[in-house]
Amino acid sequence: MNRISRTFSAAVGLALAAGLAALPTTAAAAPVQGYTPSASASSYAGSATEDANNQAFYEAVMKSARAKQAATPYLKAVVVTYDASSAPTFRNQIAQSAQIWNGSVANVQLRSGSGADFRYYEGNDSRGSYASTDGHGSGYIFLDYQQNRQYNSTRVTAHETGHVLGLPDHYSGPCSELMSGGGPGTSCTNPYPNSAERSRVNSLWARG
């Protein structure tokens, strides 16, 4: 689980590295956000580079959100559809993380179904779990077997889903902050976004 702080690094070659030919190639240019800051982090202070990258990610998502809001000013909420069929091992955790987010925010709701906006995949990757996403409902989430044995799997899944909804990593945050990911260490099992994270997602998805 090497550091995945290169927020705008491409996922080129990922399908070959992970042995997953089913991974979409069109998502390779999307920003990549991971769960853990380092292989053995029990407490991680972050860095100025990561903070800058995460702020850039958030600003890019906000730009996209504002454009969509301007195009559909009367839309009050939006449904984002996901497909978990390529991650059967984590079916329960995915369903639970969707339920957590649906109970936490009002302006966007997650639904399982066909014609998905984003998809979940599973397998082995030395970089751990991550999301390759535009931060506004598109892309895919990869769930790594080893990392999900080491960390609370529902928290990992909810964290990566948070990226699809527009939230960047904040590894230096406390366990009560979902997007702190693996920063607080393996003992952290909280799968719920805090009030600031809920507010941020609602703001991003206001009027769609």
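Let us look at the structure shown here. (Residues numbered from 1 in each chain as written. Predicted model: local features only at pLDDT ≥ 70, side-chain atom pairs only at ≥ 80, totals over all residues. Heavy atoms only, no water.)

With that settled, consider the overall build of the protein. What the protein contains, in helices and strands, is six helices and six strands. Each helix and strand of the protein, placed in order from N terminus to C terminus, yields the pattern α-β-α-β-α-β-β-β-β-α-α-α. Burial analysis of the protein (208 residues in total) assigns 53% to the buried set. Long-range pairs, those at least 24 residues apart, make up 70% of the contacts in the protein with a sequence separation of at least 6. (Helix = DSSP H or I, 4+ residues; strand = E, 2+ residues; numbered from the N terminus. Buried < 20%, exposed > 50% of the residue type's maximum accessible area, 1.4 Å probe, protein only. Contact = heavy atoms within 4.5 Å.)

Attention now moves to the nonpolar core. Grouped together as the largest cluster of nonpolar side chains are 28 residues, with contacts concentrated most on Tyr82, Ile94, Trp101, Leu110, Phe118, Tyr120 and Val201. Sorting the residues of this core by element identifies strand 2 (78-86), helix 3 (91-104), strand 3 (108-112), strand 4 (118-123), strand 6 (139-144), helix 5 (153-164) and helix 6 (195-204) as the ones contributing at least two each. (Core = buried A, V, L, I, M, F, W, Y, C linked by side-chain atoms within 4.5 Å.)

Quick look at the packing of helix 3 against helix 5 now. Interhelical geometry of helix 3 versus helix 5 gives an angle of 55° and a closest axis separation of 9 Å. Taken as axis vectors, helix 3 and helix 5 run oblique relative to one another. Crossing of helix 3 against helix 5: the hand is right-handed. Taking contact as the criterion, the partners of Gln93, Ile94, Gln96, Ser97, Ile100 and Trp101 in helix 3 are, on helix 5, Ser153, Thr154, Thr157, Ala158, Thr161 and Gly162. Partitioned by chemical class, the residues of the contact of helix 3 with helix 5 number four nonpolar, eight polar and no charged. (Axes fitted to C-alpha atoms, helices over the stretch in contact; angles between N-to-C directions. Parallel < 35°, antiparallel > 145°, perpendicular 65-115°, else oblique. Left-handed = near helix turned anticlockwise from the far one by under 90°. Nonpolar A, V, L, I, M, F, W, Y, C, P; charged D, E, K, R; others polar.)

With respect to topology, six strands assemble into an open sheet ordered 1-5-6-4-2-3, the strand pairing being mixed. The open sheet has two free edges, formed respectively by strand 1 (32-34) and strand 3, since each of these has just one partner strand. Ignoring which end each strand starts from, the neighbouring axes of this sheet average 20° apart. Both strand 2 and strand 3 contribute to a ladder of five bridges, which runs parallel. Paired with tyrosine 82 across the bridge in strand 3 is serine 112. (Pairing = 2+ DSSP bridges.)

Turning our eyes to something else, we now look at the pairing of strand 4. Of all six residues that make up strand 4, five are buried, and the element is covered over most of its length. With three bridges joining them, strand 2 and strand 4 adopt parallel strand pairing. Paired with serine 86 across the strands is tyrosine 121, a residue of strand 4. As judged from the six bridges shared by strand 4 and strand 6, these two strands associate in the parallel manner. What sits directly across from tyrosine 121, in strand 6, is phenylalanine 142.

All right, on to the state of the cysteines then. With the rule as written, the count across this model stands at one disulfide. The partner cysteine of cysteine 175 in its disulfide is cysteine 188, sulfur to sulfur 2.1 Å. Residues cysteine 175 and cysteine 188 are joined by a disulfide whose S-S torsion is about 90°; by sign, that bridge is right-handed. Of this pair, cysteine 175 sits in the loop between helix 5 and helix 6 while cysteine 188 sits in the loop between helix 5 and helix 6; the two residues are 13 residues apart in sequence, bridging distant segments of the chain. (Disulfide = S-S within 2.5 Å.)

Any functional reading would require information that these geometric values do not contain.
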